[in-house]
Structures are given as C-alpha cells and as structure tokens.
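Here is how the chains run, residue by residue.
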Amino acid sequence: PIPLQHGAHRTGKRMDADMAKWRGYGLGQFIHWGLYSILEGKYKGKYYNGAAEWIRSWKEVPNAEYDVLNKQFNPATFNATAWAKMAKQMGVKYLTFTTKHHDGFCLWPSKYTDYTIESSPYKKDIVKEVVDAYTKEGIDVYLYFSIMDWHHPDWRYDLKTKEDSIAFDRFKLFTKNQLTELLQRYPQTKGLWFDGTWDNSWKKSGAFTDSLEQYLKSLVPGLIIGSRLRADEKGNRHVDANGVLMGDYEQGWERKIPKTYADVHGNDWDCVMTIPENGWGYAEKWMGHWKTTNELIEMTAQCVSLGGNFVVNFGPKADGSFRKEEIANAKEIGEWMKINSDAIYNCEYAGWEKQDWGYYTKKRGEDKVYMIVFNVPLSGSLKIKPSANYVVEKATLLEGKQQLSTEKLDYGASFIQLPKGKTFVKPFVIVLDIKPVKQQEEAGPKAKT
Ligand SMILES: C[C@@H]1N[C@@H](C(=O)NCc2ccccc2)[C@H](O)[C@@H]1O
C-alpha cells in the first residue's frame with residue numbers, strides 16, 4: 001500500500017454499539033429547510049431548472065438579492081413537534097437536518113457569523129427546536145453541515161495564491177468553531193452529515209480534514225461521520241489512495257442505489273433520496289417524476305436488502321408546512337411500516353440469490369429471513385433458493401400469520417405457495433424461519449425413475 005499520513009485510519013466496519021444502532025435504522029428522514037425555501041425554485045416569474053436549494057447560483061438571482069432573504073424568514077407557525085410526530089408515524093429512526101446549507105445561512109444562533117436565524121424576524125433557535133422535538137419522539141438526530149459557504153468572505157473554491165491560503169486558513173478555523181458550537185449546543189447529536197466538500201480548496205486540505213474529524217470525535221466519542229468529510233493528502237475523497245473508505249459509512253449514494261452487494265465493498269452505507277427527480281429544498285414545481293409510496297417502499301427494501309439504510313428527503317415550505325404529496329407519502333409509508341417494519345429494522349444483507357418477486361432481508365443475529373414481495377408471479381408460487389448453509393423450516397405471512405405451504409425443488413430451491421384466491425394489492429412480507437445446516441454437497445439431480 002501507498003504510505004499515507006491522512007488516509008483511512010480504520011479498515012472494515014466500525015463495530016461499536018453506536019454504529020450498530022446506526023446500521024439497524026433501516027429508514028431515515030432528511031429535511032432541507034432554509035432561505036431557498038422562500039424562493040420555491042422560482043424568481044421574478046421564471047422557474048429555475050436546477051435543484052431549488054441551489055437557486056442562489058442561478059444567473060437570474062443577484063447574490064445581493066438572495067442574501068437579504070434572512071430579513072423575510074419568519075415561520076411563525078412552525079411546529080417542530082408536529083414534524084417529529086409525522087416522522088414518528090412514518091417509522092423513521094433517524095433525521096438528518098440542515099443547520100447550514102451552501103448559502104451560509106445558519107438556522108442556529110452561531111456566534112461566529114451574523115448570518116444566522118437571529119438576524120431574521122423569527123429569531124428563535126430552529127436547530128434546538130428540531131433536535132429537542134425529534135429526540136423526544138425517540139428519533140436520533142444527525143446534523144447536516146455544508147463546508148462550502150457561498151456567503152462567507154473567506155470561502156475559496158481553490159487555493160491559487162498566498163492570499164487564498166491565508167483566507168482559507170481563517171475559513172477552516174471558522175468551520176471548526178461552528179462545528180464545535182453545534183456539538184456543544186446540541187449534545188443529543190449522534191452524527192454530522194457533511195456536504196460541499198468537492199472543491200479543490202478542500203481536496204488540498206487533507207491533513208486539516210483528518211485533524212478536524214479526530215477533533216470532533218474527541219468532543220463526542222462515538223460521533224458518526226460519513227465519507228464525505230475527508231480528503232487524504234493526495235486529494236482523494238471518500239476512499240483514500242489505497243482504496244480504503246475514509247469515514248464511518250459510505251456517503252456517496254446520493255439519489256442512487258447500489259445495483260449489487262459487490263457495489264458496497266463491505267462498507268456501511270445509506271442512500272439519501274429526493275421524492276421528485278432532483279431538488280432538496282421546497283420547489284413550487286417539483287422536477288420530473290414524483291416517486292410514489294410504493295416506489296419509496298421498494299427503494300427502502302432494496303437498500304436494506306443490500307445492508308444499507310434509505311433516507312427520504314422532505315423540503316418544507318418557508319412557513320414550515322409540508323406539501324400535501326410529502327404528507328401523503330409519510331402517512332402511507334408509515335401505514336406499511338406499522339405492519340411490515342420487522343423486515344426493515346435491524347436487518348441486513350441475507351446473501352441469498354435474488355429472485356424476481358422482490359428482496360430478502362435477514363434479521364441481525366436471528367435465524368429469520370424476510371421476503372419483501374413486490375411482484376406476485378401468475379403461478380402464485382414464489383421460488384426461493386436459500387444459501388447452502390440454511391434450510392427453511394417454515395414460511396408465514398407476516399400480516400395475519402397464515403402459514404404457507406412449500407414444495408421442494410431441485411438444487412436446494414423451493415416454491416412457496418401463496419394462498420389460492422387471495423389477491424395482494426400492496427407489497428407484503430413473508431417470514432422464513434430458517435435453520436443453519438452444515439455445508440451440504442451441492443444437491444445433484446434427482447435419480448431418473
Ligand atoms: C444532499 C444534497 N447535496 C447537495 C448537492 O449539491 N448535491 C449535488 C452534488 C452531489 C455530489 C457531488 C457534487 C454535487 C444538495 O443541495 C443536497 O443538499
């Protein structure tokens with residue numbers, strides 16, 4: 001391997017209790033809320049065709065006109081408890097919440113800049129309201145923080161001159177101070193979700209990113225930080241020059257889901273996903289295809305079946321209310337989770353050959369495999385092929401507990417027979433009670449009779 005001072009300091013998964021809890025979340029919520037929510041993805045009658053929270057970068061919006069939106073931000077009817085109760089009903093186990101997005105506006109009263117919620121008519125500490133309300137509902141809170149800060153005079157995209165480096169040194173101290181402030185003001189915080197770290201200035205700061213991560217973890221032992229913070233001393237991000245992940249989990253799955261287990265390279269990971277095609281902050285006109293509840297449930301099953309978590313983004317309006325589509329998705333996902341969450345919480349990759357009917361998940365530490373079924377074959381028979389080290393003892397519909405008949409096939413496969421005449425209109429779960437068996441010789445073809 002290439003000798004590195006500031007590459008990964010750990011190979012393989014983190015195996016402590018905090019990370020084990022993170023690994024078992026299954027389903028999470030992301031919330032993007034800020035000054036961009038006021039513009040709603042449009043400006044002076046024109047619609048921005050980029051992500052709504054990036055509207056400040058649109059040539060139609062003069063920076064000076066965007067930057068004074070803090071004078072308008074006043075969600076007088078904002079109710080963090082209502083947010084947390086909606087999330088609880090949806091069945092999410094963790095929240096990632098924007099404290100400061102790329103525009104540099106802080107939703108907490110930071111003492112390191114004037115560009116904070118205190119400079120708005122609302123004045124109150126939104127980060128505290130959210131952290132307290134979600135923690136009270138038993139949902140763990142992670143704080144999103146953008147390193148890139150378009151508003152701060154010392155932010156630099158690259159370090160080309162001495163002046164750049166002097167300014168960026170001030171910026172790195174500002175960043176460290178703000179992160180210290182967040183962890184000290186909100187001690188319930190379980191982790192930090194970094195964004196805006198793709199520019200050269202950060203890629204050239206590998207040593208600083210390493211010392212910053214170690215410093216933050218010294219403040220809060222067990223703190224969980226993904227792979228989007230770090231750069232190694234050669235400017236590599238996410239994985240270092242030796243291909244080892246830098247961070248507690250792979251944070252590159254933004255709006256995309258791994259195709260196979262091989263794609264996750266044995267790392268912990270989560271996928272963060274928008275309900276529209278793209279766009280995280282509130283937009284009056286959502287982009288492209290709006291994912292249905294069934295699609296979001298399938299993405300959740302897909303992620304958990306490959307050993308990850310699925311995080312659905314919500315973009316509340318400037319007044320703190322959610323759009324009706326998001327409210328409906330949250331309610332419907334919650335109704336499904338109420339019946340089927342056994343197949344999602346504390347589950348992992350089963351390692352069985354995937355079949356067309358849907359996805360397998362395995363309960364961590366138990367001899368239970370779940371089939372999450374999205375496609376019922378016309379035959380009504382679901383083929384399964386357990387890994388060679390297990391046999392299936394029983395198959396039961398999770399909802400209603402009805403036992404299903406099975407028929408052995410060749411090569412260790414079986415058919416599971418769905419009840420005749422029963423029609424399924426929603427994704428459903430079959431619980432397989434399994435028993436470990438010593439590695440059997442590959443079962444040969446049956447003798448010809
Ligand atoms: C979680 C999302 N990340 C921000 C973003 O700009 N993503 C686009 C992007 C993703 C990966 C590399 C460069 C740029 C979006 O604004 C959201 O905050």
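**Some points on the overall build of the protein chain**
Inference 1: Along its length, the protein chain carries 10 helices and 17 strands.
Inference 2: Its C-alpha atoms give the protein chain a radius of gyration of 24 Å, near enough to 22 Å, the size a compact globule of 449 residues would have.
Inference 3: The burial tally for the protein chain puts 57% of its 449 residues in the buried class.
Inference 4: Sequence-distant contacts in the protein chain: of pairs separated by 6 or more residues, those separated by 24 or more amount to 70%.
Inference 5: Only carbon and sulfur atoms are counted for the fraction: they give 52% of the accessible area of the protein chain, which is about 19,900 Å².
Inference 6: If the 62 positive side-chain charges of the protein chain are averaged to one point and the 57 negative ones to another, these points end up 2 Å apart.

**Description of the environment of Asn346**
Inference 1: By the element assignment, Asn346 lies in the loop between helix H10 (324-340) and strand E10 (347-348).
Inference 2: On a C-alpha basis, the gap between Asn346 and Tyr66 in space is 43 Å, while along the polypeptide they are 280 residues apart.
Inference 3: Not counting the four nearest positions on each side in its chain, Asn346 is found in contact with Gly24, Lys362, Lys363 and Arg364.

**Looking at the packing of aromatic side chains**
Inference 1: In this structure the tally under the stated criterion is 35 aromatic pairs.
Inference 2: Considering the side-chain rings of Phe73 and Phe105, the 6.2 Å spacing of their centres and the 70° angle between planes classify their relative orientation as edge-to-face. Placement of Phe73 in the loop between helix H3 (63-67) and helix H4 (80-90) and of Phe105 in the loop between strand E4 (94-100) and helix H5 (126-136) is noted, with a sequence separation of 32 residues between them.
Inference 3: When its relative accessible area of 0% is taken as the criterion, Phe73 is described as buried.
Inference 4: Among the residues examined, Phe105 registers a relative accessible area of 3% and is labelled buried.
Inference 5: Ring geometry for Phe78 and Trp83: centres 4.7 Å apart, planes at 70°, overall edge-to-face. The pair Phe78 / Trp83 is uniform in exposure class, with both members buried.
Inference 6: The rings of Trp33, Phe73, Phe78, Trp83, Phe97, Phe105, Tyr115, Phe314 and Phe322 are connected pair by pair, giving a single aromatic cluster.
Inference 7: The ring of Tyr47 has Lys285 lying over it, and the distance from NZ or CZ to the ring centre is 4.0 Å.

**Things to note about the packing of H4 against H10**
Inference 1: The contact between H4 and H10 brings their axes to 7 Å, and the two run at 40°. Here H10 runs oblique to H4, going by the angle between their axes. Packed against H4, whose contacting residues are Met86, Gln89 and Met90, the element H10 presents Ile327, Ala330, Lys331, Ile333, Gly334, Glu335 and Met337 at the interface.
Inference 2: Its residues assigned to classes, the contact of H4 with H10 shows six nonpolar, two polar and two charged.

**Focus on the sheet that holds strand E16 (residues 414-417)**
Inference 1: Reading across the sheet, the three strands line up as E13-E16-E15 and stay open at both edges, with antiparallel pairing between neighbours. Only two strands of the sheet have a single neighbouring strand rather than two, namely strand E13 (381-384) and strand E15 (405-408). Each strand axis lies, on average, 25° off the axis of its neighbour in the sheet, ignoring direction.
Inference 2: Note that E15 and E16 share four bridges and pair antiparallel. Of the residues in E16, the one forming a bridge with Thr406 is Ile416.

**Re the side chain of Ser387**
Inference 1: Along the polypeptide, Ser387 turns up in the loop between E13 and strand E14 (390-397).
Inference 2: Ser387 sits in the buried class, given a relative accessible area of 18%.
Inference 3: Setting aside residues up to four positions removed in sequence, Ser387 forms contacts with Gly351 and Trp352.

**Things to note about the site of the ligand**
Inference 1: Every residue near the ligand is listed here: His32, Glu53, Trp54, His101, His102, Tyr144, Trp193, Asp195, Trp198, Glu254 and Trp280.
Inference 2: At 2.9 Å, a side-chain N or O of Trp54 approaches an oxygen atom of the ligand.
Inference 3: In the complex, 73% of the free accessible area of the ligand, which totals 430 Å², lies under the protein chains.
Inference 4: Each residue belonging to the shell around the ligand can be placed in one class, and the counts come to five nonpolar, three polar and three charged.

**Quick look at the environment of Asn74**
Inference 1: By secondary structure assignment, the location of Asn74 is in the loop between H3 and H4.
Inference 2: For the pair Asn74 and Gly138, spaced 64 residues apart in sequence, the C-alpha to C-alpha distance is 28 Å.

**Overview of the pairing of E4**
Inference 1: Across the seven residues of E4, seven count as buried, placing the element largely inside the fold.
Inference 2: As defined by bridge partners, strand E1 (residues 27-31) adjoins E4 across four bridges and the pair is classed as parallel. Across the sheet, residue Phe30 finds its bridge partner in E4, namely Thr96.
Inference 3: Two strands pair when backbone bridges link them, and E4 and strand E5 (residues 140-146) are joined in this way by six bridges, in the parallel orientation. Residue pairing for E5: Thr98 is matched across the bridge by Tyr144.

**Remarks on the confidence of the model for the protein chain**
Inference 1: Confidence in the prediction of the protein chain, expressed as mean pLDDT, is 97, and 98% of residues score 70 or more.
Inference 2: Overall fold confidence (pTM) sits at 0.96, and the ipTM for the predicted complex is 0.95.

**Here we look at H5**
Owing to its 3.6 residues per turn, the α-helix aligns residues three or four sequence positions apart on the same side.
Inference 1: Among the residues of H5, Ile126, Val127, Val130, Val131, Ala133 and Tyr134 are the ones counted as buried.
Inference 2: Buried residues in H5 make contact with E1, H4, E4 and E5.
Inference 3: With a side-chain oxygen positioned 3.1 Å from the backbone nitrogen of Val127, the residue opening H5 is Asp125.
Inference 4: Just beyond H5, the residue with positive phi is Gly138, at close to 80°.

What counts as what
Residues numbered from 1 in each chain as written. Predicted model: local features only at pLDDT ≥ 70, side-chain atom pairs only at ≥ 80, totals over all residues. Heavy atoms only, no water. Helix = DSSP H or I, 4+ residues; strand = E, 2+ residues; numbered from the N terminus. Rg over C-alpha atoms; globule rule 2.2 N^0.38 Å. Buried < 20%, exposed > 50% of the residue type's maximum accessible area, 1.4 Å probe, protein only. Contact = heavy atoms within 4.5 Å. Areas by Shrake-Rupley, 256 points an atom, 1.4 Å probe, with all protein chains shown as cover. Lys, Arg positive; Asp, Glu negative; His and termini not counted. Charge placed at Lys NZ, Arg CZ, Asp CG, Glu CD. Phe/Tyr/Trp six-rings, centres within 6.5 Å; stacked < 30°, edge-to-face > 60°. Lys NZ or Arg CZ within 6 Å of the ring centre and 35° of its normal. Axes fitted to C-alpha atoms, helices over the stretch in contact; angles between N-to-C directions. Parallel < 35°, antiparallel > 145°, perpendicular 65-115°, else oblique. Nonpolar A, V, L, I, M, F, W, Y, C, P; charged D, E, K, R; others polar. Pairing = 2+ DSSP bridges. Near = heavy atom within 4 Å. Polar contact = N/O pair within 3.5 Å; in protein donor to acceptor, adjacent residues only side chain to side chain. pLDDT = per-residue confidence, 0-100.

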